Amino acid sequence: MNKEQKTMDPSRYPSYTEEDSAASGRRLNEILKVLKKHHLTSGLTPVKLREILEDLGPTYVKLGQIMSMRSDMLPEVYCQELTRLRTDVIPMPYETAVSIIESELQRPVSDIFSSIEQTPLGSASIAQVHPAQLKDGTKVVLKVQRPAIQKTMENDIRLLKKASGILKLTLGTKNLIDFHTILDELWETTREEIDFEKEAANLDLFYANQKEIAYTTCPVVYHELTTPRLLVMDYIDGIQIDHIEELKSLGYDMTEIGEKTAENYCKQILEDGFFHADPHPGNLWISKGQIAWLDLGMAGHLSSNTKLLLRKAITALLENDIYSLKNVLLAFAEPQERVNHARLYTDIDDIVSKYVSMDFGTMRLGDLIERLLQLVKDHRLAITPDVTLLARSMITIEGTLSACAPDVNLLRILSVHMSNLLIHELDARHILKHKGRQVYTSLDKSLNIPAQLSDLLNITKNGQAQVNLQLSDGEHFRRDVYSITNRVLLTILSAALFIGSGLASDIYSIPKWFGLPWISFLGYSLSALLLLIVLIQIFRRRK
């Protein structure tokens, strides 16, 4: 990770006043009391960390949720425990919610709503949700932001930023947790989640992407009633996807629900490049024969390049192509130190070999992702937040499918979806153009080979040639050296014939073939043949 990424830009934060300083002092005392209550000096465990974050309030709950998705930074046992963080908190009074609604809309609620239910559907750290009814009888849902939540979270993040070094020392994490990176990510995530207009934009995009899918839906936003602190959506009356008995009693086939949920999720990540990042059962409901995706406050965006790499990774896994999978991992990640390629190959081979020997019925994508994330961490490869968000999302959706439709295998559906996608996108003209460009590039590079070989011969003649080798297993090493030596010798011989033929082309007394002295023509032909043999060996070796 670059230093620029590890440093918070103060200009991105609001100005800091004396009032903020006093509030920070009070908040610091509260934090110290919580830490003392949990006997932090006696050591930190995953359970203790989760309980501390819950007691510290919404900022820290959100921090824990982000940390739970960073398996590349935190041990998996901590990530698993932090996924259990409670999102339900004590609701704010109904009167407070009404005053916020009126403040945002600049008019009494009675002018817009015929009724608002006093008991919220749910209450989380940032907002709570109330069912309501418009004047025309339309049922809607109001997501109301808690008062002063933005200021509270800003002050908490400032304190955390100042105390990050002390935290690392006190908790004994050393370089285990990169607090700077996590806090940067927390601040960016917080700014997005407390702006409900951004969540509204996510809902609009998700709805547009899925409008052609008959069995999928999401809430529709009432933009004229939506503000940064108030989100108004249509009411979706349904049943949570893991309430199996209730769904079965209504005639639903749970296997069909699971397969369609998985298929739609595959579309989100492989085609749309925009996916639901928190697909736990509470955010997936069945309503009137449709799968309703709720709460798009946390969503992920994938670039075209990331989608392409994801497809390559899945293909490499299914084909047991260790070479391609290793290259994809390195493309996804940025090495933090020199990569031990031999060890990386071995570790990937150990992981893939285990899963290739399984059938689809027993293969679990979540377990595979967990091991790959651990591998990335072991080899000090830094991956971007969007990739880790995708990884945790895929683990979550597989857990949801296991709860409602255990027979549905996400990896199988993912591979079938990708195969169909590749067939659909098959374009002979595009392939010919792409391959033609590759041929042209190869021919262009081949023109430099004689000059490069001449330089190599001069360096070798002067005793300046060096060969750097990374030792692997003895037998493989001997075979590799033997193969490399053969190719080098053939290349040198080809270069010598090429140069010699060039010198002989000036001898006019020798009979000519095709405008060249026959000895030059023969030498050039043999040189080209040897070079072709070398290229074929290289190509076979790569395969």
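Quick caveat, the model's predicted, so the values are computed rather than measured.

**Digging into the overall build of the protein chain**
Then, in step 1: Broken down by element type, the protein chain carries 21 helices and 15 strands.
Then, in step 2: For the protein chain, with 543 residues in total, the buried portion stands at 42%.
Then, in step 3: Across the protein chain, every contact between residues at least 6 apart in sequence was considered, and the portion connecting residues at least 24 apart equals 67%.
Then, in step 4: In the form shown here, the protein chain has an accessible surface area of approximately 29700 Å², with 56% of it arising from carbon and sulfur atoms.

**Section: the nonpolar core**
Nonpolar side chains in soluble globular proteins generally cluster together in the buried interior.
Then, in step 1: Counting 79 residues, the largest nonpolar core has Ile269 and Leu414 as the members making the most contacts within it.
Then, in step 2: It is helix α16 (residues 385-404) that provides the largest number of residues to this core, a total of 9 residues.
Then, in step 3: Viewed by domain, this core spans two of them, domain 2 (92-145 + 194-234) and domain 3 (240-434), each represented by three or more residues.
Then, in step 4: Core analysis: the second largest hydrophobic core is formed by 18 residues, Ile101, Phe113, Ile116 and Leu134 among them.

**Considering the packing of aromatic side chains**
Then, in step 1: Throughout the structure, instances matching the rule amount to 1 aromatic pair.
Then, in step 2: Each ring, one from Phe206 and one from Trp293, has its centre 6.0 Å from the other, and the planes form 50°; the classification is tilted. Here Trp293 lies in strand β10 (residues 290-293) and Phe206 lies in helix α9 (residues 196-210), a separation of 87 residues in the sequence.
Then, in step 3: The class of Phe206 is buried, set by a relative accessible area of 1%.

**A closer look at the UniProt feature "transmembrane region" (unreviewed entry) in the protein chain**
Then, in step 1: Annotation from UniProt places "transmembrane region" (unreviewed entry) at residues 488-510 and 516-539.
Then, in step 2: Measuring from the first to the last C-alpha atom of residues 516-539 gives 32 Å, for a span that is 92% helix and 8% strand.

**Here's the deal with the pairing of strand β4 (residues 139-145)**
Then, in step 1: Extensive coverage of β4 is indicated by the burial of 6 of its 7 residues.
Then, in step 2: In this sheet, β4 lies alongside strand β3 (residues 127-134) in antiparallel orientation, the contact comprising 7 bridges. Following the sheet pairing, Val129 is matched in β4 by Lys143.
Then, in step 3: Here β3 folds back onto β4, and the loop between the two strands holds 4 residues, one of which, Gly137, carries a positive phi near 95°.
Then, in step 4: Note that β4 and strand β6 (residues 230-234) share 5 bridges and pair antiparallel. Bridge assignment links Val140 to a residue of β6, and that residue is Asp234.

**Observations concerning the packing of helix α11 (residues 254-272) against α16**
Then, in step 1: It is at 9 Å that the axes of α11 and α16 come closest, and there the two elements cross at 170°. On the basis of their axis angle, the class for α11 and α16 is roughly antiparallel. Between α11 and α16, the contacting residues are Met254, Gly258, Thr261, Ala262, Tyr265 and Ile269 on the first element and Leu390, Ser393, Met394, Ile397, Leu401 and Cys404 on the second.
Then, in step 2: Partitioning the contact of α11 with α16 into residue classes produces 9 nonpolar, 3 polar and no charged.

**Focus: the sheet that holds strand β7 (residues 239-240)**
Then, in step 1: With respect to topology, 4 strands assemble into an open sheet ordered β5-β10-β9-β7, the strand pairing being mixed. What marks the edges here is a single partner per strand, and that holds for β5 (216-217) and β7.
Then, in step 2: Helix-sheet contacts for α11 involve β5, β9 (284-287) and β10, and the interaxial angle to β10 is about 50°.

**Re the side chain of Thr227**
Then, in step 1: One can find Thr227 in the loop between β5 and β6.
Then, in step 2: In terms of polar contacts, Thr227 uses its side chain to reach the side chain of Glu104, at 2.5 Å.
Then, in step 3: Other than its neighbours up to four places away in sequence, Thr227 contacts Glu104, Phe196 and Glu197.

**A closer look at helix α13 (residues 322-332)**
Then, in step 1: For α13, the full list of buried residues reads Ile322, Leu325, Lys326, Val328, Leu329 and Phe332. Angularly, the buried residues of α13 cover 160° about the axis, an arc narrow enough to put them on a single face.
Then, in step 2: At the N-terminal end of α13, a side-chain oxygen is found 3.3 Å from the backbone nitrogen of Tyr323, two or three residues along, and the residue is Asp321.

**Digging into the pattern of salt bridges**
Then, in step 1: Applying the stated criterion across every chain yields a total of 11 salt bridges.
Then, in step 2: A salt bridge links Lys143 to Asp295, with the nearest nitrogen and oxygen atoms 3.8 Å apart. In this pair, Lys143 sits in strand β4 while Asp295 sits in the loop between β10 and β11 (299-301), placing the two residues 152 residues apart along the sequence.
Then, in step 3: A relative accessible area of 14% places Lys143 in the buried class.
Then, in step 4: A relative accessible area of 36% means that Asp295 is categorised as partly exposed.
Then, in step 5: A salt bridge links Arg380 to Glu337, with the shortest nitrogen-to-oxygen separation between them at 3.8 Å. One end of the pair, Arg380, is in the loop between α15 (365-378) and β13 (381-383); the other, Glu337, is in the loop between β12 (333-335) and α14 (341-356), with 43 residues separating them in the sequence.
Then, in step 6: Through salt bridges with shared partners, a single ionic network connects Arg50, Glu54 and Glu81.

**Regarding a nonpolar patch on the surface**
Then, in step 1: On the surface, Trp513, Phe514, Trp518, Ile519, Leu522, Leu526, Leu529, Leu532, Ile533 and Ile536 cluster together to form a nonpolar patch covering roughly 960 Å² of accessible area.
Then, in step 2: Of the residues forming the nonpolar patch, the biggest block, 8 residues, is contributed by helix α21 (residues 518-542).

**Some remarks on helix α6 (residues 94-105)**
In an α-helix, one full turn covers 3.6 residues, which means residues spaced three or four apart are oriented alike.
Then, in step 1: The first and last C-alpha atoms of α6 sit 17 Å apart over 12 residues, in line with the 16 Å expected at 1.5 Å per residue.
Then, in step 2: Inspection of α6 places Ala97, Val98, Ile100, Ile101, Glu104 and Leu105 among the buried residues, and these make up the whole buried set. Relative to the axis of α6, the buried residues are bounded by an arc of 160° and lie together on one face.
Then, in step 3: Contacts from the buried residues of α6 go to β1 (113-116), β3, β4 and β6.

The rules behind these values
- Residues numbered from 1 in each chain as written.
- Predicted model: local features only at pLDDT ≥ 70, side-chain atom pairs only at ≥ 80, totals over all residues.
- Heavy atoms only, no water.
- Helix = DSSP H or I, 4+ residues; strand = E, 2+ residues; numbered from the N terminus.
- Buried < 20%, exposed > 50% of the residue type's maximum accessible area, 1.4 Å probe, protein only.
- Contact = heavy atoms within 4.5 Å.
- Areas by Shrake-Rupley, 256 points an atom, 1.4 Å probe, with all protein chains shown as cover.
- Core = buried A, V, L, I, M, F, W, Y, C linked by side-chain atoms within 4.5 Å.
- Domains from an automatic or database assignment.
- Phe/Tyr/Trp six-rings, centres within 6.5 Å; stacked < 30°, edge-to-face > 60°.
- UniProt positions renumbered as here; feature names shortened; annotations may be inferred.
- Pairing = 2+ DSSP bridges.
- Axes fitted to C-alpha atoms, helices over the stretch in contact; angles between N-to-C directions.
- Parallel < 35°, antiparallel > 145°, perpendicular 65-115°, else oblique.
- Nonpolar A, V, L, I, M, F, W, Y, C, P; charged D, E, K, R; others polar.
- Polar contact = N/O pair within 3.5 Å; in protein donor to acceptor, adjacent residues only side chain to side chain.
- Arc of directions from axis to C-beta.
- Salt bridge = Lys/Arg side-chain N within 4 Å of Asp/Glu carboxyl O.
- Patch = residues over 30% accessible without salt bridge, like charges linked within 9 Å, V, L, I, M, F, W, Y side chains within 5 Å.
- Expected span 1.5 Å × (residues − 1).

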